Amino acid sequence: MSVISLEHVGYRYPLGREDAVRDVSFQVEQGQVCALLGANGSGKTTICNLIRGFIPRFYRGEPTGLVQLAGRPVEQYDDAELTETVGYSFQNPFTQMSGVKDNVREEIAYALENLGIEREAMAARVDAMIELLHLGDIADANPLELSGGQRQRVAIAAVLVTDPPIVVLDEPTSQLDPQSTEDVFNIIALLKRQGKTVILVEHKIDLVARYSDLVILMEGGRVAMSGPARRVLTDPQVLDHGGQLPEVTRFFLERNKKLGLNDPVPLSVEDAIERYGRKGA
Ligand SMILES: Nc1ncnc2c1ncn2[C@@H]1O[C@H](COP(=O)(O)OP(=O)(O)OP(=O)(O)O)[C@@H](O)[C@H]1O
């Protein structure tokens, strides 16, 4: 049974002039990282909102089709179940801070307070998140006085601390420097090893190629291409649908074209080294 399943899903925001998503179908199995790709406005965040149940609980309107989590329609989940099942890190970390907590430690603990977790266990889980996301230096800082990148890391910690089986990360590295970006992708790999199912909206295509199992490429609210990352992200048609290809892949596609070859195209530098060894291209 798929952990996340969308079947022919469509939705228009109440004030929208056209459908934000149309006839979207895909399945994600437990432990998979699924990347949602596509140009601005192609429907990625809307899909995240449908999976988290914010549509139609927060955003009104009537979605069509069927969104299921672990085989159960999202509309059958109550609010508490959805909170526990889907951890959601928003595209804009500025909207994610509670605004009611004085420091980062309390901000991360906030989500646990309502779950009735005992104090000591709560402190241990918060400490683990502070370590995981390298927040030690700012643990006592006011969440509202952090930089964008710091807030982004606090927001991810606040999502992961509740240990949800599904994690939705909407552009989690948009404000991060290369080192912190790499850290976040290492955490995604860790989540995968823990058996969590991850939905990732991310533009850094080289990292997407290295860490994702599945890719859904959106275009104008529809699924333009979907399937295993290895298949989709080595297909030059991605470029025709407003997507990007990893740098190494583009290089090898160009090489094949120029030399009239039909060699397999690698997805990452590691992949290229494995296929072509030291002699290279
Ligand atoms: N609250 C809203 N009300 C009306 N229309 C909306 C709303 N939010 C998004 N839309 C529209 O729905 C469509 C899909 O938007 P969505 O935010 O899902 O795309 P996206 O791929 O996540 O874009 P981005 O990369 O810019 O975040 C767009 O046409 C957008 O203008």
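The name an unreviewed UniProt entry assigns to the chain is ABC transporter related protein, from the organism Bifidobacterium mellis. Of the comments in the UniProt record for the chain, the one headed Sequence similarities (unreviewed entry) reads "Belongs to the ABC transporter superfamily."

## Considerations on helix α8 (residues 178–193)
Taking 1.5 Å of rise per residue, 16 residues should cover 22 Å, and α8 covers 23 Å from first to last C-alpha, within 8% of that figure. Every buried residue of α8 is accounted for by Ser180, Thr181, Asp183, Val184, Phe185, Ile187, Ile188, Ala189 and Leu191. At its buried positions, α8 is contacted by β3 (33–38), α6 (119–132), α7 (148–160), β7 (166–170), β8 (197–201) and α9 (205–211). Directly after α8, the chain includes Gly195, whose backbone phi takes a positive value near 90°.

## Overview of the state of the cysteines
In total, this model carries zero disulfides according to the counting rule given. Looking at the unpaired Cys34, the closest cysteine sulfur is the one in Cys48, lying at 9.5 Å.

## Let's talk about unusual backbone geometry
Look at the link from Ile55 to Pro56: it is a cis peptide, with omega at 10°. Phi at Asp23 is positive, roughly 50°, even though this residue is not glycine. Residue placement: Asp23 occurs in strand β2 (residues 21–28). Look at Asp23 and you get partly exposed, because its relative accessible area is 42%. For Ala70, which is not glycine, the phi torsion reads 50° and is therefore positive.

Calculation criteria
Residues numbered from 1 in each chain as written. Predicted model: local features only at pLDDT ≥ 70, side-chain atom pairs only at ≥ 80, totals over all residues. Heavy atoms only, no water. UniProt positions renumbered as here; feature names shortened; annotations may be inferred. Helix = DSSP H or I, 4+ residues; strand = E, 2+ residues; numbered from the N terminus. Expected span 1.5 Å × (residues − 1). Buried < 20%, exposed > 50% of the residue type's maximum accessible area, 1.4 Å probe, protein only. Contact = heavy atoms within 4.5 Å. Disulfide = S-S within 2.5 Å.

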